[in-house]
Amino acid sequence: MTKKFYAQALIEALTDMAEENPGFALIGRGILGHGGQAHFDKPLMERFGDRITDPPTSEGAVASMAIGAAMAGTRMFCHFGTASFTLEAVNQLVHEAGVAHSMSGGQIKVPLVFHMYHGLRRGGAGQHSSSPQSMYANNPGLQMIMPTTPRDAKGMLRAALKSDSPTLYIDHGALLGTEGEVPDDPYEVLLGKADIRREGSDISIVATSRAVLWAVEAAERLAAEGIDAEVVDPRSIVPLDTETIVASIRKTGRLVCVEEGYQMCSIGSEIAALAAERAMDALKAPVARVARPPVPVPFSPPLEEAMMPGPDRIVAAVKATLA
Amino acid sequence: MCEGGRAHHRGEVVPRRMIHYNGPINSRPRRTRGRRFSVGERMIAPPAAQDRAGILQCMILMRRFEEEVLRIAQDHPYVGRQHLHIGHEATGAAVVSRLTPDDLFHTTHRNHGYLIARGADPGRAFAEIMGRKDGLNGGRGGPWHLCDRASGFLSTSAMVGGSVGLAVGAGFGLKTQGSNAIAITHFGDGTLDEGICLEALNLASIFSLPVLFLCENNAKEGQRPSSMLAAKALRDLPEALQIRAIVVDGRDADAVAEGAKDAVAHIRGGAGPVFLQANLERWPGSHQTKPEFPTGVTDLSLAWEEDRIEGNHADWVRDHDGLRAFAKTLVEDGSLSRERVLEMDREVLELLAKAREFAEASPYPDPGSLMTGVFA
């Protein structure tokens, strides 16, 4: 067990797969973006750079290329860069990758992971800040993972790469520089199992992706004020670990959902519906959602900051729920 | 599997125009891989390269299959809108004759003919069109999405242009795997209006992928041109992207077979993708909301009794029906007797009658199975 950056853990999962499976192929360079962690892709590029195809700016056709190759039996990893760009390939993701196995009566498998960075990123404005997870979750047949620790990144990416179903890995650039203990040997983290990031008894905060970091920070601040919050990280949205989430809500009787996506029909809306369906009798207060307001993401820093569902907004929502 | 494909693969030279006809019907060996047999062990094999009689029988099979689909649609109104391959048989059968069993298809929804030509079980195909449990896709695909992996079909996309992008992926996968097989996508001319096609052609070209882009150019969609490109000719698009284009008369099976031979040799030789454009005249029933036979049920004796051709669409039957034309050619050049042509037709009809019986007897899927099979 060694302390590693999230970026290193992600690359380790890819390097392990490339080493084990000579047929494994990747599309898209710059897997770690352009920030301070970009250089951590070196172990992959140096040993397996010839497996990586650098495509032109044609997201729809690039997605098709990855899907068709996976259907033909090549295990694939396809990096899109910014999640906003995947909207150029929605038809391919939803109508080809997502439906292929079912619509063929089980004849066709799509062993493929699509990787993308979502979220507010400072200055992304209205076209480079997309968090499309709830939109994709609304379509059947696509697994969706959003690991938030280095350990989960390596283990869940490995599980997704070994799966015969297509997976969207909706990542966040702000996670790349986080550190944590990561086993050196290959291992899998089961998809569909939530993680209790902080145990608590007063309120459940169910957060996803980068919002988990904010939720943990908020919980620590609340603890100083005597409020004991539990932070639940679903880790994968499809499949969703409803048991763990419902058990936490039943335990605390209060729920705040946090995410970077827009609030309308959000992941938090789904969690809130789950609470209404399966934990209504245990709820002591109305459910709260902390998410983006329905405004195109503005460029100007104070405006962008104002829509961010960060620790301040989470603390305020928790206090309002407990009031 | 496809005998002709193997011969072609080995590079055996078969003199052009020589007739290879091996008995009354190309009986297939019992296929393994857990496949079902709906109509006994006698199936019609995919035609071999230069087996012109085999190509004709494959064309008859494709035509009669679609005619039966029309009857199914008449008998079962819920079956939905059909996209029949009638009028495209010369192109389909001739291209299939130049392929090997390992080659992979991504097709559009006008694909029934290709599946049947490649050896998909017609009984299971009818069952799928009727939404039955024994359908090729277990009833999950229906008439627009027939899929048969064992015959080399990876998907049938009814999203216009979808199959063009995916076939580039299949080509990418095959190249990655070091395979000698190629990927084929067939699509109509109207598909080229979709942006994904230009992107896909570009990827195939820059990565030199083994893909055959087979454009069945039937020129019309209803009363308007199906393609509304500003380009002067369809081939301008692939050629601008450095993709070799070959244009053939899609109604002439011999011409298509020659063009396909050339195209496949180019691709398999590692020289990159080819755009094969087969020009056709759209069958008058292609765009219909009610299942009808606008040109009548096919009468193969019209191949030699041309005086009897009549009706509103006599010109299509006389001048544009590739099936009638090829039967006429083979009879006139002495390759086949009239009796043999009619006998081949009877064999096909017998096979399809059993296939229909099988499909009608197949139950619907259990509603309790709804939630199964979403993930692999």
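Residues numbered from 1 in each chain as written. Chains lettered and ligands numbered in written order. Predicted model: local features only at pLDDT ≥ 70, side-chain atom pairs only at ≥ 80, totals over all residues.

Looking only at helices and strands, chain B has twelve helices and eight strands in total. Expressed as a percentage of the 376 residues in chain B, the buried residues total 54%. In chain B, 75% of the contacts between residues at least 6 apart in sequence involve partners at least 24 apart. (Helix = DSSP H or I, 4+ residues; strand = E, 2+ residues; numbered from the N terminus. Buried ≥ 20, exposed ≤ 12 C-beta atoms within 10 Å, placed from the backbone. Contact = placed C-beta atoms within 7 Å.)

Before going further, it helps to spend a moment on the overall build of chain A. For chain A, the count of helices and strands is twelve helices and 14 strands. Here the C-alpha atoms of chain A give a radius of gyration of 19 Å, agreeing with the 20 Å that 2.2 N^0.38 yields for 323 residues. Dimensions of chain A, computed from the C-alpha atoms along their principal axes, are close to 60 × 45 × 40 Å. Per-residue burial for chain A yields a buried fraction of 56% across its 323 residues. (Rg over C-alpha atoms; globule rule 2.2 N^0.38 Å.)

The next subject is the packing of helix H1 (residues 6-20) of chain A against helix H7 (residues 150-162) of chain A. Residue and element names in this part refer to chain A. Where H1 contacts H7, the axes come no closer than 8 Å and their chain directions differ by 25 degrees. Accordingly, the angle class assigned to the pair H1 and H7 is roughly parallel. Considering how the two elements wind past one another, H1 and H7 form a crossing that is right-handed. Facing H1, whose interface residues are Tyr6, Ala9, Leu10, Glu12, Ala13, Asp16 and Met17, H7 presents Pro150, Arg151, Ala153, Lys154, Leu157, Arg158 and Leu161. Residue classes in the contact of H1 with H7 are distributed as nine nonpolar, no polar and five charged. (Axes fitted to C-alpha atoms, helices over the stretch in contact; angles between N-to-C directions. Parallel < 35°, antiparallel > 145°, perpendicular 65-115°, else oblique. Left-handed = near helix turned anticlockwise from the far one by under 90°. Nonpolar A, V, L, I, M, F, W, Y, C, P; charged D, E, K, R; others polar.)

With that settled, consider the interface of chain A and chain B. Listed as interface residues are 35 residues of chain A and, on the opposing side, 36 residues of chain B. If you list the elements that add at least two residues to the side of chain A that touches chain B, you get helix H3 (59-71), helix H4 (90-97) and helix H5 (100-103) of chain A. Counting residues per element, the side of chain A that touches chain B draws most heavily on H3 of chain A, at nine residues. Of the residues assigned to the side of chain A that touches chain B, the class counts are 14 nonpolar, 18 polar and three charged.

Let us look at the sheet that holds strand S2 (residues 25-27) of chain A. Residues and elements named next belong to chain A. If you walk across this open sheet you meet the seven strands as S3-S2-S4-S5-S7-S6-S12, and the pairing is mixed. Looking at which strands have only one partner, the edges of the open sheet turn out to be strand S3 (52-53) and strand S12 (236-238). Summarising the sheet, S2 and strand S4 (residues 76-82) pair through three bridges and their orientation is parallel. Paired with Ala25 across the two strands is Met76, which belongs to S4. (Pairing = 2+ DSSP bridges.)

Our focus in this paragraph is the sheet that holds strand S1 (residues 104-107) of chain B. All names here are of chain B. Judged by pairing direction, the sheet is parallel, and its six strands sit side by side in the order S2-S1-S3-S4-S8-S7 without closing on themselves. Of all strands in the sheet, those with a lone pairing partner are strand S2 (153-156) and strand S7 (244-249), marking the two edges. On average, adjacent strands in this sheet sit at an angle of 15 degrees to one another, irrespective of strand direction. The pairing of strand S3 (residues 183-188) with strand S4 (residues 211-217) spans six bridges and is classified as parallel. Looking at S4, one finds that His186 is bridged to Leu214.

As a further point, take the packing of H3 of chain A against H4 of chain A. All names here are of chain A. Where H3 meets H4, the axes come as close as 8 Å, and the angle between the chain directions of the two elements is 30 degrees. Considered as vectors, H3 and H4 are oriented roughly parallel to each other. For the pair formed by H3 and H4, the contact residues are Gly60, Ala63, Ser64 and Ile67 on the first element and Asn91, Gln92, Leu93, Glu96 and Ala97 on the second. Here the contact of H3 with H4 is built from residues that sort into four nonpolar, four polar and one charged.

This next bit is on the pairing of S3 of chain B. Residue and element names in this part refer to chain B. Most of S3 sits out of view: six of its six residues are buried. The alternating pattern of S3 places Ala183, Thr185 and Phe187 and Ile184, His186 and Gly188 on opposite faces, both of which are buried. The pairing of S1 with S3 spans four bridges and is parallel. Of the residues in S3, the one forming a bridge with His106 is Thr185. In this fold, the crossover linking S3 to S4 by way of helix H7 (residues 195-206) has right-handed handedness. (Right-handed = clockwise from strand over helix to strand, strands pointing away.)

Residue and element names in this part refer to chain A. Its domain assignment divides chain A into domain 1 (2-182) and domain 2 (195-322). Domain 1 and domain 2 are separated by 26 Å when their C-alpha centres are compared. With 26 residues of domain 1 at the interface, the matching set in domain 2 holds 21 residues. If you list the elements that add at least two residues to the side of domain 1 that touches domain 2, you get helix H6 (133-137), strand S6 (143-145) and H7. Considered class by class, the residues forming the side of domain 1 that touches domain 2 number twelve nonpolar, twelve polar and two charged. (Domains from an automatic or database assignment.)

Residues and elements named next belong to chain A. For H7, built from 13 residues, the straight-helix expectation of 18 Å at 1.5 Å per residue is met to within 8% by its first-to-last C-alpha distance of 18 Å. Of all 13 residues that make up H7, twelve are buried, and the element is covered over most of its length. Those residues of H7 not exposed but buried are Pro150, Arg151, Asp152, Ala153, Lys154, Gly155, Met156, Leu157, Arg158, Ala159, Ala160 and Leu161. (Expected span 1.5 Å × (residues − 1).)

Residue and element names in this part refer to chain B. Here chain B averages 87 in pLDDT, and 87% of its residues register 70 or above. Between residues 1-41, whose pLDDT stays under 50, and residues either more than four places distant or in other chains, the model counts 60 contacts. Taken together, the chains of this predicted complex give a pTM of 0.91 and an interface ipTM of 0.93. (pLDDT = per-residue confidence, 0-100.)

All names here are of chain A. Taking 1.5 Å per residue, 15 residues should reach 21 Å; H1 reaches 21 Å between its end C-alpha atoms and fits that length. Among the 15 residues that make up H1, eleven are buried, leaving the element largely enclosed by the rest of the structure. For H1, the complete set of buried residues consists of Tyr6, Ala7, Gln8, Ala9, Leu10, Ile11, Glu12, Ala13, Leu14, Met17 and Ala18. Buried residues along H1 sit in contact with strand S1 (2-5), helix H2 (42-48), S4, H7 and strand S8 (179-182).

Assignment of secondary structure puts Ala66 of chain A in helix H3. Once residues within four sequence positions are removed from consideration, Ala66 of chain A is found in contact with Ile27, Met76, Cys78 and Leu112 of chain A together with Gly169 of chain B.

Below, the discussion takes up unusual backbone geometry. Residues and elements named next belong to chain A. Following Val238, the chain continues into Pro239 via a peptide bond in cis, with omega recorded as 0 degrees. Its place among the elements puts Pro239 in the loop between S12 and helix H9 (242-252). One non-glycine residue, Ala125, lies in the positive phi region at around 55 degrees. Here Ala125 shows up in the loop between strand S5 (112-117) and H6. Ala125 gets classed as partly exposed once you count the C-beta atoms within 10 Å, which come to 13. The backbone of Ser209 shows a phi angle near 55 degrees, a positive value even though the residue is not glycine. Looking at where Ser209 falls in the secondary structure, it is placed in the loop between strand S10 (203-207) and helix H8 (210-224).

Turning our attention to the environment of Arg210 of chain A. Residue and element names in this part refer to chain A. Along the chain, Arg210 falls in helix H8. A count of 27 C-beta atoms within 10 Å places Arg210 in the buried class. Linking Arg210 and Glu259, residues 49 residues apart in sequence, is a C-alpha distance of 7.8 Å. Apart from the residues lying within four places of it in its own chain, the contact partners of Arg210 are Gly119, His172, Ala174, Leu175 and Glu260.

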